[in-house]
Amino acid sequence: MKKSMNLALVLTLMSATAFAANEAPEAPVKSEAAQEEQEIQDMSDPLAIFTQVGAGVTDRGINLKVGQTYDTGEDTTAGMNVYEIKGIQGENLGFSDSPARDNSIDFLRLRQFEVDLTNGRGKQLDINVNFDGTHFADQTIDASYSIIQALPKMGPVNLFPLAGVGATFGNNVVDSFENEQPVIDDGFSGFGAYTIIGMYSKLAITDKLWLNYNPFYLQSLGGSDLYKAHAFGIETDSVLLHEFAVNYQISPRLNVRYFANWTENVDFKDGEHRIEFNYQL
């Protein structure tokens, strides 16, 4: 499939999110002591808000990440936009056996994240642009909105359950089949909705070493009959996703993380593996 999607739509989505954040009213100025205390955040906390840069080496190429905090206009909340580019130079630098590996960008991702500092509740807008496409379309955009809640700490364990809904859009979507031939909806259109429930979890081994296991279950909710029956693969209307990470805090501002992502239909060894470095600014 050709990676010919007009990037204007993607940039519009990202610009709109950033504009909304930048236009928030100015919050009251915090004391110098409070600002110094909040200067370095706990990078192992999934609800931590901080400005950051990151880069990763994966089996599908190079990933780059930039996270920027923004003023929400309220003392009791904090916000952050995170931009990611994934799969750069996959053919030259990646080592996956996937035939889809190439040197162009595979994914763009934008997350707008806000957390209420009084009750540990976060909300997230997550937009993923897939330039490689799926069995449904030449290119796709998934947009989801979810709520995350921090539960009371249990010894070395932290749990952060999540629930949300999402919608899928595509370019040149397969709408149906007639006489075993695909009927294509030319151009860009929405073709399905889904729900997501899951959890982020953290197990602290030491002050500097921790593990994460993050399972997520996705279920198709609506859309075309074809989407509802095959949203996450052939004859697959739901899927259980797995993410495992081993993390080490090198310094208060720098960590290194190993990630593995796989599903109930893709074995661990055939999933995505990456090593990522993150620096808090």
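This structure is a prediction, so every number in the text was calculated from the model and none was measured. (Residues numbered from 1 in each chain as written. Predicted model: local features only at pLDDT ≥ 70, side-chain atom pairs only at ≥ 80, totals over all residues. Heavy atoms only, no water.)

A. Expanded view of the packing of aromatic side chains. Tallying each qualifying case throughout the model produces seven aromatic pairs. Plain terms: the ring middles of Phe169 and Phe188 are 6.2 Å apart, the flat faces sit at 10 degrees to each other, and that makes the pair stacked. Note that Phe169 is positioned in strand S7 (residues 157-178) and Phe188 in strand S8 (residues 181-204), a separation of 19 residues in sequence. A centroid spacing of 5.6 Å and a plane angle of 80 degrees characterise the contact between Phe191 and Tyr227, whose relative ring orientation is edge-to-face. (Phe/Tyr/Trp six-rings, centres within 6.5 Å; stacked < 30°, edge-to-face > 60°. Helix = DSSP H or I, 4+ residues; strand = E, 2+ residues; numbered from the N terminus.)

B. Summary view of the environment of Glu39. With respect to the helices, strands and loops of the structure, Glu39 is situated in the loop between helix H2 (32-37) and strand S1 (52-58). Classification of Glu39 by relative accessible area gives partly exposed; the value is 45%. Each C-alpha atom of the pair Glu39 and Phe50 lies 8.4 Å from the other, and the pair is 11 residues apart in sequence. With residues up to four places along the chain from it excluded, the contact list for Glu39 reads Arg253 and Gln280. In this structure the side chain of Glu39 is engaged in a polar contact, spanning 3.0 Å, whose partner is the side chain of Arg253. (Buried < 20%, exposed > 50% of the residue type's maximum accessible area, 1.4 Å probe, protein only. Contact = heavy atoms within 4.5 Å. Polar contact = N/O pair within 3.5 Å; in protein donor to acceptor, adjacent residues only side chain to side chain.)

C. Focus on the pattern of salt bridges. What the rule picks out here adds up to 10 salt bridges. A salt bridge links Glu84 to Arg111, with the shortest nitrogen-to-oxygen separation between them at 2.9 Å. Here the residue Glu84 occupies a position in strand S3 (residues 77-88), and Arg111 occupies one in strand S4 (residues 107-116), the gap between them amounting to 27 residues. Residue classification places Glu84 among the buried positions, given a relative accessible area of 9%. With relative accessibility at 18%, the residue Arg111 sits in the buried group. Asp126 is the salt-bridge partner of Arg109, the closest N and O atoms lying 2.7 Å from each other. (Salt bridge = Lys/Arg side-chain N within 4 Å of Asp/Glu carboxyl O.)

That is the geometry; function is a separate question.
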